[in-house]
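Summary of the model geometry
Spelled out from the first residue to the last, the chains are:
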Amino acid sequence: STQSRSSAASDVYKRQDNMMLRLVTFDSGLSEVHGFKPLSECHEDDYKGCLDVGGATALYDATYNGVRSVIGYGRQLSGQDYDANAAVFVITDGMDNASAVTRTMVSESLADSVQSEDLESVLSVLIGVNTGTPEHGSAGAKPTLVEQTAYPGHESADASPALVGHQSKAPS
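Residues numbered from 1 in each chain as written. Predicted model: local features only at pLDDT ≥ 70, side-chain atom pairs only at ≥ 80, totals over all residues. Heavy atoms only, no water.

Glancing now at the overall build of the chain. Along the backbone of the chain there are four helices and five strands. The linear arrangement of helices and strands in the chain, starting from the amino end, is α-β-β-α-β-α-β-α-β. In the chain, buried positions account for 29% of the 172 residues. In the chain, the share of contacts with a sequence separation of at least 24, taken over all contacts with a separation of at least 6, comes to 69%. Summed over its atoms, the accessible surface of the chain is roughly 10700 Å², and 49% of this surface lies on carbon and sulfur atoms. (Helix = DSSP H or I, 4+ residues; strand = E, 2+ residues; numbered from the N terminus. Buried < 20%, exposed > 50% of the residue type's maximum accessible area, 1.4 Å probe, protein only. Contact = heavy atoms within 4.5 Å. Areas by Shrake-Rupley, 256 points an atom, 1.4 Å probe, with all protein chains shown as cover.)

Taking 1.5 Å of rise per residue, 13 residues should cover 18 Å, and helix H3 (residues 103-115) covers 18 Å from first to last C-alpha, within 8% of that figure. Residues of H3 that are buried include every one of Val106, Ser107, Ser109, Leu110, Ala111, Ser113 and Val114, and no others. (Expected span 1.5 Å × (residues − 1).)

Let us now look at helix H2 (residues 59-79). Taking 1.5 Å per residue as the helical rise, H2 with its 21 residues ought to reach 30 Å, and the 30 Å between its terminal C-alpha atoms agrees with that figure. Two residues or fewer after H2 comes Asp81, characterised by a positive phi angle close to 65°.

Note that Asp118 resides in the loop between H3 and strand E4 (121-128). Asp118 sits in the buried class, given a relative accessible area of 15%. In this structure the side chain of Asp118 is engaged in a polar contact, spanning 3.2 Å, whose partner is the side chain of Arg75. For Asp118, the residues in contact, after removing those within four places along its chain, are Gly74, Arg75, Ser78 and Ala84. (Polar contact = N/O pair within 3.5 Å; in protein donor to acceptor, adjacent residues only side chain to side chain.)

Moving on, we come to the nonpolar core. In terms of nonpolar packing, the biggest core is built from 15 residues, with Val67, Val70, Val88, Val90, Val106 and Leu119 touching the most fellow members. Elements supplying a minimum of two residues to this core: H2, strand E3 (85-92), H3 and E4. Sort the elements by how many residues they give to this core and H2 lands first, with five residues. (Core = buried A, V, L, I, M, F, W, Y, C linked by side-chain atoms within 4.5 Å.)

The values reported here are purely geometric and, on their own, carry no functional implication.
Shown next, in the form of structure tokens:
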């Protein structure tokens with residue numbers, strides 16, 4: 001019915017009002033463009049020139065930072081009686097070659113996010129852009145985070161080249 005469609009569309013817009021975005025760029029170091037900000041206040045033109053592609057890749061540092069930030073923000077929201085879900089998207093053009101953080105630390109952080117009482121669900125996605133070409137690294141190279149990180153409840157973390165891991169808590 002038209003009324004049901006209208007109601008469903010209204011629900012989508014209400015959820016959009018509650019979506020937050022935090023943007024961090026990385027090469028050999030991390031730089032927060034902005035902290036958690038309502039999606040409705042994020043405009044494409046605000047991000048022109050914010051990426052400076054090139055140099056080393058602190059992939060594990062960036063992933064760890066993103067996961068720890070959603071855990072912390074989820075804790076803040078939970079303390080104010082809000083339910084929170086999280087999605088961490090990491091977009092990279094290369095393999096890790098500059099992190100202080102290890103793969104194990106990233107894996108443990110993802111496990112912490114899933115087990116946290118402060119987040120209802122966590123989705124983490126690794127997107128490799130221009131990987132596997134000689135001009136962007138060694139031939140056939142792919143980001144290794146997917147291949148070498150294990151997650152609780154996952155038999156194999158390398159089932160999909162883009163999906164790092166997804167966990168939802170079982171209903172209580």
